[in-house]
Amino acid sequence: MTDLAAFAHGLPKAELHLHLEGTLEPELKFALAARNGIELDETTVEEVRATYDFTDLTSFLAVYYPAMRVLQAAEDFHDLAWAYLQKAAAQGVVHAEMFFDPQAHTGRGVPFDTVITGYRRAVVRAQDELGISAELILCFLRDFSAEYAMATLMEALPYKAWIVGVGLDSDERDNPPTKFAEVFARAKAEGFFLTMHCDIDQVGSIDNIRAVIEQIGVDRIDHGTNIVEDPSLVALAKERGLGFTTCPVSNSFVTAQMKSDEIVSLLNAGLKVTVNSDDPAYFGGYVGDNYVALAEHAGLGAADLVRLAINSFEASWLTASRRADFIARVRDYAAGNGVAVPQ
Ligand SMILES: [Zn+2]
């Protein structure tokens with residue numbers, strides 16, 4: 001490992017764009033399939049990895065959803081989240097706000113309660129055993145109806161204390177943010193933070209980004225780097241202090257590149273740009289690996305990585321005092337490694 005890579009991995013950071021279902025490594029997939037008596041088409045880890053060959057979002061989703069059938073009992077959801085949190089801890093994550101897709105499970109007959117109690121157990125255990133604070137973000141699948149999303153929100157209300165915010169993921173094409181305006185208005189009224197995916201180079205991307213900011217009133221945007229196409233929107237996002245959760249390694253899978261120029265340009269414009277791993281089991285990089293990949297690709301140095309780590313807490317949904325504590329940890333780490341960071 002280079003010095004910069006070691007620095008990046010040790011840097012205290014928050015991960016804000018991580019799909020728990022996207023952390024299913026082939027080894028765990030086999031273990032859960034065996035536990036639940038499910039037959040897989042593949043017989044080796046290599047064969048599973050070979051299916052992780054995507055050219056765009058659609059080809060990724062075609063592999064992603066069928067894999068989830070190995071998740072059946074609360075214990076399975078716990079094991080999935082716990083495996084991720086251990087890996088995250090090893091890459092410097094001290095706070096994680098993690099997406100989960102209940103409809104990917106309730107849609108195949110697994111009760112909402114099973115999903116969330118399993119994930120919640122891992123969240124509590126991470127605090128106790130790893131010292132990581134973790135939160136859950138409920139994501140609605142945008143290729144399903146707004147009515148199903150609303151029903152899922154209602155189902156989630158008894159578990160409100162375990163869910164920090166709501167998000168929107170899956171295929172954005174023909175499923176604009178405004179389709180879910182009512183669901184997100186209700187979620188906001190219930191006290192949830194709001195975020196939505198604005199996918200890279202999606203058809204109508206800039207119009208969707210505008211709607212997400214102006215009509216939905218999100219607190220954060222997932223991906224969203226196409227905002228660089230409209231300087232007036234960049235200015236608006238900055239004025240509102242919106243966080244952007246970028247995922248460089250995932251970008252290079254679903255588009256032709258990492259979008260490092262856009263990420264660096266937004267960072268230098270003073271937006272709260274963060275670096276995250278998205279679906280690390282499928283894209284082959286956890287969050288520290290994403291910091292390193294971006295640094296190598298864009299020629300960033302240690303001080304830039306520190307800015308990204310500070311942004312990860314600035315864009316988080318932590319309370320102001322906890323956010324300040326974490327940022328102080330980042331600054332101590334930088335100072336301890338001889339990296340000068342402006343106040
Ligand atoms: Zn995502």
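Just so we're clear, the structure is a prediction, and the values are computed from it rather than from any experiment.

### Focus: the UniProt feature "domain: Adenosine deaminase" (unreviewed entry) in the protein
Here, UniProt's "domain: Adenosine deaminase" (unreviewed entry) annotation points to residues 12–332. Taken end to end, residues 12–332 has its terminal C-alpha atoms 10 Å apart, with 52% of it in helix and 14% in strand.

### Notes on the pattern of salt bridges
Tallied over the full model, the rule gives 14 salt bridges. Note that Arg-186 is salt-bridged to Glu-190, the shortest N-O span being 2.9 Å. Within the structure, one salt-bridge network assembled from shared partners comprises Arg-35, Glu-75, Asp-76 and Asp-79.

### Section: the side chain of Glu-42
Locating Glu-42 in the fold gives a position in the loop between helix H2 (26–35) and helix H3 (45–51). Overall, Glu-42 belongs to the buried group, its relative accessible area being 16%. When residues no more than four places from it in sequence are discounted, the contact partners of Glu-42 are Lys-29, Phe-30, Glu-47, Val-48 and Thr-51.

### Points about the coordination of the zinc ion
Bound to the zinc ion are the protein donor atoms His-17 (NE2), His-19 (NE2), His-197 (NE2) and Asp-278 (OD), situated 2.1 to 2.4 Å from the metal. Metal-centred angles of 83 to 173° between the four donor atoms at the zinc ion mark the site as irregular. Exposure remark for His-17: the relative accessible area of 0% places this residue in the buried category. Judged by relative accessible area, which is 4%, His-197 ranks as buried.

Here is what the cut-offs are and how they apply
Residues numbered from 1 in each chain as written. Predicted model: local features only at pLDDT ≥ 70, side-chain atom pairs only at ≥ 80, totals over all residues. Heavy atoms only, no water. UniProt positions renumbered as here; feature names shortened; annotations may be inferred. Helix = DSSP H or I, 4+ residues; strand = E, 2+ residues; numbered from the N terminus. Salt bridge = Lys/Arg side-chain N within 4 Å of Asp/Glu carboxyl O. Buried < 20%, exposed > 50% of the residue type's maximum accessible area, 1.4 Å probe, protein only. Contact = heavy atoms within 4.5 Å. Donors = N, O, S within 2.8 Å, 3.2 Å for Na, K, Ca; no water. Tetrahedral: all angles 85-135°; square planar, octahedral: opposite > 155°, others 65-115°.

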